[in-house]
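Below, each chain spelled out in residue letters.
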2 protein chains.
Amino acid sequence: MPRRAERPAPTAAELATRQRDISVAEFFLENRHLLGFDSPQKALLTAVKEAVDNALDACEEAQILPEVRVEVRPVDDGVLRVAIEDNGPGIVEAQIGKIFGKLLYGSRFHKLSQSRGQQGLGISAAGMYAQLTTGKPLSIRTRVVGEPAHELSVGIDTSRNRPDIHDKRQVDWSVAHGTRVEIELEARERAGAHSVERYLRLTSIANPHVTLHLVDAAGNATTFVRTTNELPPQPDEIKPHPDGLELGRLVALLKSTDERHLGAFLQNELSRVGSKTAQRIIARADHGLTARSYPRRVARRQASALYRALHATKVSAPVASCVVPIGEARLLASLERESHADFCVVVCRPPAVYRGNPFVVEVGLAYGGSTDADGLTSSASEPVTLLRFANRVPLLFQQSACAMTRAVIDTGWRSYGLTHPKGALPLGPMLILLHVASVWVPFTSESKEAVASYPEIARELALALRACGRKLRAHLARSERLSRAEDRRERIRRYVPHVVTALTELLALDALYAERLTTELSEALELPREGESR
Amino acid sequence: MPRRAERPAPTAAELATRQRDISVAEFFLENRHLLGFDSPQKALLTAVKEAVDNALDACEEAQILPEVRVEVRPVDDGVLRVAIEDNGPGIVEAQIGKIFGKLLYGSRFHKLSQSRGQQGLGISAAGMYAQLTTGKPLSIRTRVVGEPAHELSVGIDTSRNRPDIHDKRQVDWSVAHGTRVEIELEARERAGAHSVERYLRLTSIANPHVTLHLVDAAGNATTFVRTTNELPPQPDEIKPHPDGLELGRLVALLKSTDERHLGAFLQNELSRVGSKTAQRIIARADHGLTARSYPRRVARRQASALYRALHATKVSAPVASCVVPIGEARLLASLERESHADFCVVVCRPPAVYRGNPFVVEVGLAYGGSTDADGLTSSASEPVTLLRFANRVPLLFQQSACAMTRAVIDTGWRSYGLTHPKGALPLGPMLILLHVASVWVPFTSESKEAVASYPEIARELALALRACGRKLRAHLARSERLSRAEDRRERIRRYVPHVVTALTELLALDALYAERLTTELSEALELPREGESR
């Protein structure tokens, strides 16, 4: 190793001069794998996913049935140009720059309601990666109904986390409203489980109200047509639920509220606290607090007492309307259509809460049937296939880091009739679909590829999986009984004639009697045994 | 499900009013699992780790042999108070607030040189979690040599990501220089693999120049004493290396440089580019570029050409002095001391580069020996134990998401003599220590618990593991040979007397001759056979 130069030790004052602010854009540029841009293969899918997420959120918020087109076009060796076009409400001019050229900017972070995007990072991260690898800014075309269409280029000034807007101009566009984003980036198309095609197919499974068009880099066109014209219900925005609410968040709410009385504060700033419950909480908190205490003047000591009282008092479960599951019927129909399985079952759990955030778990299971040409269901001797979704978005990476995978591994599949190696996925011709819908999905990284294992989420997943498992066991037992009965019938069909021939010879029976004997013997033997049902 | 209220569809203008800036502190508060604060058990360890990382970095930068004390004290049910005190250079008053009460602020992000901290997130995240769960700010005491000691409380205003400073005062403190951080947080002490004690023990393995003291919540004191008084060499700060440098980063460097000529720019702003290499790159780039082109005026088209030329030209490997491995001798000594194994081997790879960032991989392997009372080495039928380190910091969580784990799983251990189930860790009484040192370690999340699988890093890990594996195979083969030879000697010792007795009787030999025969027979039979070495 070459010798290092001797340097004098720096003083604390010298060290202080090295301290600096770090722009959030610089941070994520250096850590771009956190956002899903660690390889050209992943970059394509991540960019498409972020743009499609935004498109679907915007359409649904504006109550428009979404129709989204994805086009991938080769530009140069290792460089692709991707366009994502939606029929959403369009974006007003003043917002375009910030939405596409500033990290941590968005409409969904500050409200508790289910949506695909929640961080205000995704699409601007795609733009930042494009700029890093090809130097090209995003090209945006958008039209708000009744206004002219605009087109502009949006780059990002990473050292200040600010949009860098060029070439803004009015254009002719035949659509009434919508947005088209074009991204030129270092990327590579993949086939199979990590292809754009698979991603769109899975999106259509969890979003039967969406139509998706794809033209891939080779020019092949695919369309996934919606199977319902009904938009999912709009999720309601809610207040934080007391279960799992942290002291710090309670203090922040007390400080920022416009309510003038503690009683009203509890009822109006928290979910599911009625006037009686509020009274009970305040009485339990004691420390001089009354229903008429002024929230902003609650002291730290009192806030702690209130916090303990909140957690000691029973509050109703959160209302279901803030989370929108796919629903049993729709999920079952999608599963049956896509898996061609012998047996499908779906279990939707009631809403539960982690850290004050309501969530719902849905699990579907498809077993056996014809081997799927597209490879969704695994074969008998292989680990089962998992399809993971969070807020209706398919999760394609980091399977081993996900709470959903953990929950499948931790379920005792042997007792439901499957082969299950220790610490691994069970084996069998099976597909498990898991969906976590929440006002705030706790992802393990900003790229939103896996769900963090909060105990409450793990518990709901386990309950849904076990319920599916019990139904699978019943199905497998039934198939086994049926196949045992079929075996016996088969044996009877084969042996009865020989028995009758033997008896005929032995007892010197006539042909007519022999025939009757064959029928009677077969019928008698084919009757179900005691304790056995058909 | 309760009926949702019918709402009119919002217009694009209404949707625009919902867009807002998201403060980076709010973002991480909501996503605190990204920072390692998802459970009270993890919170304790993460807080200790962030504070110890900072203490060690500060001491080493000021060239002080680090001595760090960690005290854990129970405060209330589920609440602990942790103090971390170092003998570092202290912090000048003006910086205290920002270092402890502002996310994304620090001295290490903007320079390419190896350190434990790199993001400017850790300790302020610990403070934010403390404030969220107990409402208590961090308490900081610090003294710069020759100045009075100061004490103050630092909270964080999350909506603006700004420090909130209280109770600043001068205090008497007997130490000449150093810093003491106290954190009161919702936390729980764990025993075993995720204990503070284990964390400090592993830290001392990778940092033999550090003395660490621990007083746990039960009042038990433990000390890990340094085994060397020599500080590791100071890592040199370097310029980006051309290998894997992205176009965007090159453009940013061209725009921000103070160099007035392209030739000087290439030599002075990049690593390992000499004047000849610079000339070759510029000639290859063509597009009107010369050594005297003004860097800030290089056009996009020219920058692309320069970028391609950079990647087509061979540049020497990065200098080793920017990364400081633990080193073969030190690592082997630590491994032998801690594992009590029969066989230890360490392989240190030469520096390599990913995305322009130099890094070094070191792997140690300890096999067999007495079962370790503290449980570092696994037993024969269990998966091997992994000890993962990044820039000398032990990684205790997210083992399954880590490139180091992946590399161990993907190595063909069967050919080195171990049992190795497919897709899992090999089994055996073995410990594998892995260390990635880099000017920028790509962690899979802000909590820095696992290293992302960049292909270049995976490759270096694989090479080091295979080199260890080959040495293990030689050791196992040798032990097997030795044990075979021992078996034969044992058999000889047992049977020779019988043979001699039989011969004595058969040939009527006298006792003296029988004794000589015994010796001669034994010696003849114990000689190694042809092709067999001792």
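Focus on the packing of helix α3 (residues 40-61) of chain A against helix α5 (residues 122-134) of chain A
Residue and element names in this part refer to chain A.
Turning to step 1, where the next piece is worked out: With their axes 8 Å apart at the nearest point, α3 and α5 run at an angle of 145° to one another. Where α3 crosses over α5, the handedness of that crossing is left-handed. In this structure, α3 uses Pro40, Ala43, Ala47, Glu50, Ala51 and Asn54 to contact α5, whose residues at the interface are Gly122, Ile123, Ala126 and Tyr129.
Turning to step 2, where the next piece is worked out: Grouping the constituent residues of the contact of α3 with α5 by class yields seven nonpolar, two polar and one charged.

Some points on the sheet that holds strand β3 (residues 79-86) of chain B
All names here are of chain B.
Turning to step 1, where the next piece is worked out: Strand order in the open sheet formed by eight strands is β7-β6-β5-β8-β3-β2-β9-β10, with mixed pairing between adjacent strands. Edge strands, defined here as strands with exactly one partner in the open sheet, are β7 (162-171) and β10 (221-224). Taking each pair of neighbouring strands and ignoring which way they run, the sheet shows an average axis angle of 15°.
Turning to step 2, where the next piece is worked out: Relative to β10, strand β9 (residues 211-215) is paired through four bridges, and the arrangement is antiparallel. Among the inter-strand pairings, Leu214 is bridged to a residue of β10, identified as Thr222.

A few points about the relation of the copies chain B and chain A
Turning to step 1, where the next piece is worked out: Superposing chain B onto chain A takes a rotation of 180° plus a shift of 0.0 Å along the axis, which leaves an RMSD of 0.3 Å. The relationship between the two copies is best expressed as a two-fold rotation axis.
Turning to step 2, where the next piece is worked out: When the interface residues of chain B are mapped onto chain A, 100% of them are again interface residues, pointing to one common binding face.

Observations regarding the confidence of the model for chain A
Turning to step 1, where the next piece is worked out: Per-residue pLDDT for chain A averages 87, and the proportion of residues at 70 or more is 95%.
Turning to step 2, where the next piece is worked out: Counting contacts from residues 1-5 of chain A, a segment whose pLDDT is below 50, to residues more than four positions away or on other chains yields twelve contacts.

Concerning the environment of Gly368 of chain B
Residue and element names in this part refer to chain B.
Turning to step 1, where the next piece is worked out: Mapped onto the elements of the fold, Gly368 is located in the loop between β13 (357-367) and β14 (385-390).
Turning to step 2, where the next piece is worked out: With relative accessibility at 10%, the residue Gly368 sits in the buried group.
Turning to step 3, where the next piece is worked out: Considered as a pair, Gly368 and Pro383 are 15 residues apart in the sequence and their alpha carbons are 13 Å apart.
Turning to step 4, where the next piece is worked out: Here Gly368 is in contact with His340, Ala341, Asp342 and Pro429, once residues within four sequence places are set aside.

A closer look at the interface of chain B and chain A
Turning to step 1, where the next piece is worked out: With 83 residues of chain B at the interface, the matching set in chain A holds 83 residues.
Turning to step 2, where the next piece is worked out: Summing both partners gives a buried area of about 6900 Å² for chain B against chain A, and 55% of it is carried by carbon and sulfur.
Turning to step 3, where the next piece is worked out: Where chain B touches chain A, the interface holds four salt bridges.
Turning to step 4, where the next piece is worked out: When the shortest N-O distance is used, the salt bridge between Arg32 of chain A and Glu246 of chain B registers 2.4 Å.
Turning to step 5, where the next piece is worked out: One can count 14 residue pairs in polar contact (both at pLDDT 80 or more) joining chain B with chain A.
Turning to step 6, where the next piece is worked out: Examined bridge by bridge, strand β1 (residues 20-21) of chain A and strand β4 (residues 105-106) of chain B share two bridges and lie antiparallel to one another. For Asp21 of chain A, the partnering residue across the bridge sits in β4 of chain B and is Tyr105 of chain B.

Focus on the sheet that holds strand β8 (residues 178-186) of chain A
Residue and element names in this part refer to chain A.
Turning to step 1, where the next piece is worked out: Taken in spatial order, the eight strands make up an open sheet running β7-β6-β5-β8-β3-β2-β9-β10, and their pairing is mixed. At either end of the open sheet lies a strand with only one pairing partner, and these are β7 (162-171) and β10 (221-224). The sheet shows a mean angle of 15° between the axes of neighbouring strands, direction not considered.
Turning to step 2, where the next piece is worked out: Examined bridge by bridge, strand β2 (residues 67-76) and strand β9 (residues 211-215) share five bridges and lie parallel to one another. Bridging across to β9, Glu71 finds its partner in Val215.
Turning to step 3, where the next piece is worked out: Of the strands in this sheet, β3 (79-86), β5 (138-143), β6 (149-157) and β8 touch α5, which is tilted by about 40° from β8.

Concerning the pattern of salt bridges
Turning to step 1, where the next piece is worked out: Under the defined criterion, the tally for this structure stands at 49 salt bridges over all chains.
Turning to step 2, where the next piece is worked out: Within this structure, Glu71, Arg81, Glu85, Lys136, Arg180, Glu182 and Glu184 of chain A form a network of salt bridges that share partners.

Quick notes on the pairing of strand β5 (residues 138-143) of chain B
Residues and elements named next belong to chain B.
Turning to step 1, where the next piece is worked out: Burial of β5 is extensive: five of the six residues sit out of reach of the surface.
Turning to step 2, where the next piece is worked out: Note that β5 and strand β6 (residues 149-157) share five bridges and pair antiparallel. Residue pairing in the sheet places Ser139 in a bridge with Ser153 of β6.
Turning to step 3, where the next piece is worked out: The hairpin formed by β5 and β6 contains five residues between the paired strands, and Gly146 there has a positive phi angle of roughly 85°.

Details of helix α8 (residues 262-269) of chain A
Turning to step 1, where the next piece is worked out: The set of residues buried in α8 of chain A consists of Leu262, Gly263, Phe265, Leu266 and Glu269 of chain A.
Turning to step 2, where the next piece is worked out: Against the buried residues of α8 of chain A lie α7 (247-256), α9 (275-285) and α10 (300-312) of chain A.

Side note on the pairing of β2 of chain A
Turning to step 1, where the next piece is worked out: Taken together, the eight bridges between β2 of chain A and β3 of chain A define a ladder with antiparallel strand orientation. By the bridge assignment for β3 of chain A, Pro74 of chain A is matched with Leu80 of chain A.

A few points about a positive patch on the surface
All names here are of chain A.
Turning to step 1, where the next piece is worked out: On the surface, Arg466, Arg470, Lys471 and Arg473 cluster together into a positively charged patch.
Turning to step 2, where the next piece is worked out: Mapped onto the elements of the fold, Lys471 is located in helix α13 (residues 455-507).
Turning to step 3, where the next piece is worked out: Accessibility expressed as a relative area gives 44% for Lys471, which makes it partly exposed.

What about the side chain of Ser204 of chain B?
All names here are of chain B.
Turning to step 1, where the next piece is worked out: With respect to the helices, strands and loops of the structure, Ser204 is situated in helix α6 (residues 196-206).
Turning to step 2, where the next piece is worked out: Residue classification places Ser204 among the buried positions, given a relative accessible area of 9%.
Turning to step 3, where the next piece is worked out: In contact with Ser204, not counting residues within four places along its chain, are Leu212 and Phe224.

What counts and how
- Residues numbered from 1 in each chain as written.
- Chains lettered and ligands numbered in written order.
- Predicted model: local features only at pLDDT ≥ 70, side-chain atom pairs only at ≥ 80, totals over all residues.
- Heavy atoms only, no water.
- Axes fitted to C-alpha atoms, helices over the stretch in contact; angles between N-to-C directions.
- Helix = DSSP H or I, 4+ residues; strand = E, 2+ residues; numbered from the N terminus.
- Left-handed = near helix turned anticlockwise from the far one by under 90°.
- Contact = heavy atoms within 4.5 Å.
- Nonpolar A, V, L, I, M, F, W, Y, C, P; charged D, E, K, R; others polar.
- Pairing = 2+ DSSP bridges.
- Least-squares fit on C-alpha atoms with pLDDT ≥ 70 in both.
- pLDDT = per-residue confidence, 0-100.
- Buried < 20%, exposed > 50% of the residue type's maximum accessible area, 1.4 Å probe, protein only.
- Buried area = accessible area lost by both parts, 1.4 Å probe.
- Salt bridge = Lys/Arg side-chain N within 4 Å of Asp/Glu carboxyl O.
- Polar contact = N/O pair within 3.5 Å; in protein donor to acceptor, adjacent residues only side chain to side chain.
- Patch = residues over 30% accessible without salt bridge, like charges linked within 9 Å, V, L, I, M, F, W, Y side chains within 5 Å.
- Areas by Shrake-Rupley, 256 points an atom, 1.4 Å probe, with all protein chains shown as cover.
- Lys, Arg positive; Asp, Glu negative; His and termini not counted.
- Charge placed at Lys NZ, Arg CZ, Asp CG, Glu CD.

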